[in-house]
Amino acid sequence: MRDLGAGFRYLLRGQRWVAGHGRQYGFGLIPGLITLVLYAAALVALALWGQDFVAWSTPFADDWSSPWQGLFRGFLTAVLFALGLLLSVITFTAVTLLIGQPFYENLSEKVDRDVAPDGTAPESGLPLWRELWISGRDSLRILVRAALWGVLLFALGFIPVVGQTAVPVIGFFVTGFFLTEELTAVALQRRRVELRDRLAMLRSRKRLVWGFGTPLAVSFLVPFVAVFLMPGAVAGATLMARELLGEETLEEAASAPDSESVSW
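The paragraphs below set out a description of the structure included in this document. (Residues numbered from 1 in each chain as written. Predicted model: local features only at pLDDT ≥ 70, side-chain atom pairs only at ≥ 80, totals over all residues. Heavy atoms only, no water.)

## Here we look at the pattern of salt bridges
Step number 1: According to the stated counting rule, one finds 15 salt bridges in the structure shown.
Step number 2: The salt bridge involving D3 is made with R205; its shortest N-O contact spans 3.0 Å. Separated by 202 residues along the polypeptide, D3 in helix α1 (residues 2–19) and R205 in the loop between α7 (195–203) and α8 (206–219) bring together distant segments of the chain.
Step number 3: The shortest N-O distance in the salt bridge between R191 and D112 comes to 2.9 Å. One end of the pair, R191, is in the loop between α6 (162–190) and α7; the other, D112, is in helix α4 (residues 101–115), with 79 residues separating them in the sequence.
Step number 4: Where salt bridges share partners, they join E105, D112, R190, R191, R242 and E247 into one cluster. (Salt bridge = Lys/Arg side-chain N within 4 Å of Asp/Glu carboxyl O. Helix = DSSP H or I, 4+ residues; strand = E, 2+ residues; numbered from the N terminus.)

Next comes the structure, spelled out in structure tokens:
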């Protein structure tokens, strides 16, 4: 339970950090706003033409009598839109991070410098195009995993009782895990930590990850909230990445007992 609370505190600390660094917060909003416009356009298109797509893809129902044809295609249209909405929540962070790689890289570095006892931040030493390639490749791998989980949970949602109670809760925890992976990747990729190692690291501290990512996943369901929380989420994930790697912060160094005062 302690890790759950610690994860949530990292989320709050990240939001407090960007609140005290207004310029970084402003730059951090730009990628989220771009992604929001793109996703909103896609969902509007799905709402407008989803029924036509369902009708085109189910020609075998053309001769069905009323009301079965309308009920069947209406159900499939609702399923299609719900699946699109679910995937948009799961993939929003990955796409935003990919679009905003330079913005969030800069923000994460400033967090590292601000909290590091020596005032420095780790650097990958890679050119920007190489960092973008690695980020895009790893994001695609995570998106495939997240999409498979999304389809599985969506299918399980049709199970009576369990599908309406346990499955949504599990879905938030799964989404929270993948959100945390994408967010911590900004700091961990600068440290040259590979995707496989990142996933192993996060699985070893699941409660910490859930405490950070699950409340974020729930809040992302509220329109526009994801855009405004993203900069703070990146900052908080950077702080959490330091703990996962055992890196000391300025606050921890200040609170540590003085070796001279405890010597005999």
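## Re a nonpolar patch on the surface
Step number 1: A cluster of nonpolar side chains, namely W149, L152, L156, I159, V161, V162 and I170, defines an oily patch on the protein surface of about 590 Å² accessible area.
Step number 2: Looking at the nonpolar patch, the elements that each hand over two or more residues are α5 (128–156) and α6.
Step number 3: The dominant element in the nonpolar patch, judged by the number of residues it contributes, is α5, at 3 residues.
Step number 4: Position of I170 relative to the elements: it lies in helix α6. (Patch = residues over 30% accessible without salt bridge, like charges linked within 9 Å, V, L, I, M, F, W, Y side chains within 5 Å. Areas by Shrake-Rupley, 256 points an atom, 1.4 Å probe, with all protein chains shown as cover.)

## Some points on the packing of aromatic side chains
Step number 1: Inspection of the entire model under this criterion finds 5 aromatic pairs.
Step number 2: Arranged with centres 5.8 Å apart and planes meeting at 85 degrees, the rings of F177 and F178 form a pair that is edge-to-face.
Step number 3: A relative accessible area of 10% places F177 in the buried class.
Step number 4: In this structure F178 comes out as buried when scored by relative accessible area, which is 8%. (Phe/Tyr/Trp six-rings, centres within 6.5 Å; stacked < 30°, edge-to-face > 60°. Buried < 20%, exposed > 50% of the residue type's maximum accessible area, 1.4 Å probe, protein only.)

## Here's the deal with the environment of K206
Step number 1: Assignment of secondary structure puts K206 in helix α8.
Step number 2: As a C-alpha pair, K206 and R145 span 61 residues in sequence and 17 Å in three-dimensional space.
Step number 3: A distance of 3.3 Å separates a polar side-chain atom of K206 from the backbone oxygen of R203. (Polar contact = N/O pair within 3.5 Å; in protein donor to acceptor, adjacent residues only side chain to side chain.)

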